Structures are given as structure tokens and as C-alpha cells.
Amino acid sequence: MTAPLADIRVLETGTLLAGPFCGQLLGDFGAEVIKLEDPGKGDPMRQWGREKPHGQSLWWPVVARNKKSVTCNLRTTEGQDLVRRLVEHADVLLENFRPGTLERWGLSYDELSAINPRLVLVRVTGYGQTGPYAPRAGFGSIGEAMGGLRYVTGEADRAPSRSGISIGDSLAATYAAFGTLAALHARERTGRGQVVDSAIYEAVLAMMESLIPEWGVAGYRRERTGPILPNVAPSNVYPTADGSDVLIAANQDTVFRRLADVMERPDLPADPRYATHGSRGAHQAELDEIITAWTRTVPSAKLLGMLHEAGVPAGGIYTAEDIIADPHVQAREAVVTVEHPDLGPVPMQNVAPRLSATPGAVKWAGPGLGSHNDEVYQGILGLSAEDLTGLRERGVI
């Protein structure tokens, strides 16, 4: 079975997350992703993460999975020449440096496309390649703020919060991967590559639903509302008798009637205050109080069983332990275990989405620094062992 991107070669020159997560997505579906890293230290992601058994990051095995690691000092003339030679054999060059960096290194798109007109250059930055903010340093958290996500995240009575993951970087990388596939598809018609410009703040902004027209047309500004969406009720996190929390989403009229049946409260959907979506939204707080008084009397497992049987969307608030242990997750192999030479078996999230005929796969965990130097430089560029020795001695690889 051939993976859908098995005929695509990607050169990944970015670091940290916004670029490398794009490379991970492409590699998940079979692209040959050759990651170019600084000699001696490599991508900082090799050291990032909260837990580091054996002094090694547990993030790196995930974000660098399926990739080949070669060392290349892009700040040297010889390193830049290696990139040009690799570009001759590549479909995609992926980077997330500040705008202008590639140009200073003599690796602009004009120069690279002259070498390989079919090359797709994927650029992931905080603010994009143009505009007055383009030269600024831009991390994911700043893009989340500028894109509007931070302002609406958290409780109304305190400062804006953040998600517990680097969502801005990951969104920009996901849009970059989507743009890469679109550019590769267009190349089949035109025969030429192009530049994919993915800005973190724009990727976040693209996910903000009707935030912009709500202000531009209606003069309405969304505010922080904690675990609820205003006027969408009931849809909240509710406490149970055993101290757990359960999320119940029963805001549709027919689903709310099912919830009322489980609660043995047929009076609720008959009450004008709760009969329709609009009326429930107008009385959201008092309805949540009624549901909370009921859920507090039922243990979580029993409560979820009753709700599932009645066709009411509900679920627990999962930790990593809960995810790994869940029988549905196990049945769908949403978490897979990959062997690592130092860490042993490493569980990690599987490839998403699922393709029925040509699915992606996790073939190996993040590689050691420069572990594919010989394969890439000798196999693709035809360099000799003596050539590689000289490059190492000069600090190029």
C-alpha cells in the first residue's frame, strides 16, 4: 500500500513548532521529509518539554517522527550550497525563519525556483511575508492574541487565558500543510511551484467564526465566557456525585427533550423559558443551576451511561491517562506505540485524518541528530565519504 505523499520530497529547515509540525503532517502521509538541523545542537525541540527522561524531550519523538535528520549549517556558504543542490531533487522547501532570512542567505524563491521551477516554498511566520509587521519576531502566543483567540479565552472576571497547547503554531502549520497540498495540486496543471505564505495570526483569525462580522455589522464584541457559549444552552461542564465533571451538550430542541426525560423533568421543555433554543439561551444561568442540582446527585459513570443511552451528547473531561485507557481510542488505534532507541516504547497520537485506501502511518520516532547524513548526502547528492569528512571538519554538517 503506497502512502498518498510517497512521491513527494520535503526539505524542512524550520525549527521549534510552526514549521516542523507542518513537516510532521506531510511525513505522516508518506512524504520523505529531510530535516536540516544545525550541527552539534540541532532543533531546540530536542530539548523542549516538561518531562525529559534520560535528558531527552518527549515532544521530539512526536514532532520529528517519520523524518530524516541531516546536519547542515545554513549560515555558511557551503551549507547554503548544499541546500541549493538538494533543492534540485526536492518538491517542497519548508521554513519558518523571519522574512528576509532566506534572501540574506542567497536562497530566495527567485533563486531557488531558477534551480527547480517546480519547487514549492512553504513559509510559516508570525505575521506573513508582507505588511508592516512582517519583520517582527512572532511566536505562536502573539499570533493567538492578534488573531483574536486570547481575548475570548478564559473567565470574564480575569485576564485572558491561553490553551494548554501551542495552538497558534499548530494552526499555522496545519494551514501551511493544506497550502502545500494545494500548491502541489496546482503544479500538476501549471508545471511550476509557488510560495505558500502561512501567518500564525491569520491562521488563528481564520478559525474565529463570525467574530469579525459580529463587530463590523452588528457592533457586538465577543467577551470571555469561561466554559459556555452565550445563548447556547444547556452546554456546560457539570459536577457529579463522585467529584468528577461531565460535559453535557443538549442545546438542540430534540436533544434537550431527551435530557429532560433522563432527568425525569418533563416540565422543563414545556416551560416557555426553556421550550426553544432562544428561550433557553435567555435563561442560560438558571437552567444550568437546575441541571447542576441534578447531576450532583448522580455518580459520573452512571450519569454518562444514562445520557448515552438516551442519545444526549455527553462525555468526561479526559486526561492523558483517560485517553490511553479509553476502549474507543484503543479500538480505533488513535494512540500508537513507537519504539525509541533510548526511551523504549513511546505512546503517541496516531495520524489524522484516516484515509480508507492510502492511510498515513507512524514509521519511526524522531531520529538522532544527523543520523541520515550518509543516506541523504551520498544517496541523493552523490558525495563521497571523504567529502562528508571534510564538511564535518569545516563545521558545515
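Residues numbered from 1 in each chain as written. Predicted model: local features only at pLDDT ≥ 70, side-chain atom pairs only at ≥ 80, totals over all residues. Heavy atoms only, no water.

### Considerations on the pattern of salt bridges
Taken as a whole and assessed by the stated rule, the structure comprises 24 salt bridges. The shortest N-O distance in the salt bridge between Asp28 and Arg65 comes to 2.9 Å. In this pair, Asp28 is assigned in helix H1 (residues 18-28) and Arg65 in the loop between helix H2 (60-63) and strand S3 (67-71), connecting sequence segments 37 residues apart. According to the relative accessible area criterion, Asp28 is buried, its value standing at 3%. Each of Arg9, Glu32, Lys68 and Glu375 takes part in a single network of salt bridges with overlapping partners. (Salt bridge = Lys/Arg side-chain N within 4 Å of Asp/Glu carboxyl O. Helix = DSSP H or I, 4+ residues; strand = E, 2+ residues; numbered from the N terminus. Buried < 20%, exposed > 50% of the residue type's maximum accessible area, 1.4 Å probe, protein only.)

### Quick word on the sheet that holds S3
The strands making up a sheet associate through hydrogen bonds between their backbones, and the pairing can be parallel or antiparallel. If you trace the six strands from one edge of the open sheet to the other, you get S3-S2-S1-S4-S5-S6, paired in parallel fashion. Here the strands that pair on one side only, and so sit at the sheet edges, are S3 and strand S6 (195-199). Across this sheet, the average inter-strand angle for adjacent strands is 20°, counted without regard to direction. Most of the contacts of helix H7 (residues 167-190) go to S6, to which it runs at about 160°, and overall it touches strand S4 (92-95), strand S5 (120-125) and S6. (Pairing = 2+ DSSP bridges. Axes fitted to C-alpha atoms, helices over the stretch in contact; angles between N-to-C directions. Contact = heavy atoms within 4.5 Å.)

### Notes on a nonpolar patch on the surface
Together, Trp48, Phe139 and Ile142 give the surface a local cluster of nonpolar side chains, amounting to about 310 Å² of exposed area. With respect to the element layout, Ile142 can be found in helix H6 (residues 140-146). On the basis of relative accessible area, Ile142 is assigned to the partly exposed category, the value being 41%. (Patch = residues over 30% accessible without salt bridge, like charges linked within 9 Å, V, L, I, M, F, W, Y side chains within 5 Å. Areas by Shrake-Rupley, 256 points an atom, 1.4 Å probe, with all protein chains shown as cover.)

### Examining the sheet that holds strand S8 (residues 245-249)
Read from one edge of the open sheet, three strands run S7-S8-S9, paired in antiparallel fashion. What marks the edges here is a single partner per strand, and that holds for strand S7 (235-239) and strand S9 (314-316). For this sheet the average axis-to-axis angle between neighbouring strands, irrespective of direction, equals 25°. Sheet analysis places S8 next to S9, joined by three bridges and oriented antiparallel. Within S9, the position partnered with Ile248 by the bridge is Ala314. Strands S8 and S9 of the sheet are contacted by helix H14 (residues 300-310), whose axis makes an angle of about 155° with S9.

### Topic: the side chain of Asp43
The topology assignment puts Asp43 in the loop between strand S2 (32-37) and H2. Excluding anything up to four places from it in sequence, Asp43 contacts Gly14, Thr15, Leu16, Pro20, Lys35, Glu37 and Trp60.

### Quick look at H14
Looking at H14, one finds that the buried residues are Ser300, Leu303, Leu304 and Leu307. Buried residues of H14, viewed axially, fall in a sector of 95°; they line one side. Among the exposed residues of H14, those oriented more than 90 degrees off its buried face are Ala301, Lys302 and Glu309. Residues of H14 that are buried in the fold lie against S8, helix H10 (253-263), helix H13 (284-295) and S9. Once H14 ends, the next one or two residues include Gly311, with phi positive near 80°. (Arc of directions from axis to C-beta.)

### Observations concerning the packing of aromatic side chains
Evaluation of the coordinates by the stated rule reveals four aromatic pairs. An angle of 75° between the planes, with centres 5.2 Å apart, marks the rings of Phe97 and Trp105 as edge-to-face. Taken as a pair, Phe97 and Trp105 share a single burial class, namely buried. Ring geometry for Tyr127 versus Tyr201: centroids 6.5 Å apart, planes at 40°, classification tilted. Note that Tyr127 is positioned in the loop between S5 and H6 and Tyr201 in helix H8 (residues 200-205), a separation of 74 residues in sequence. (Phe/Tyr/Trp six-rings, centres within 6.5 Å; stacked < 30°, edge-to-face > 60°.)

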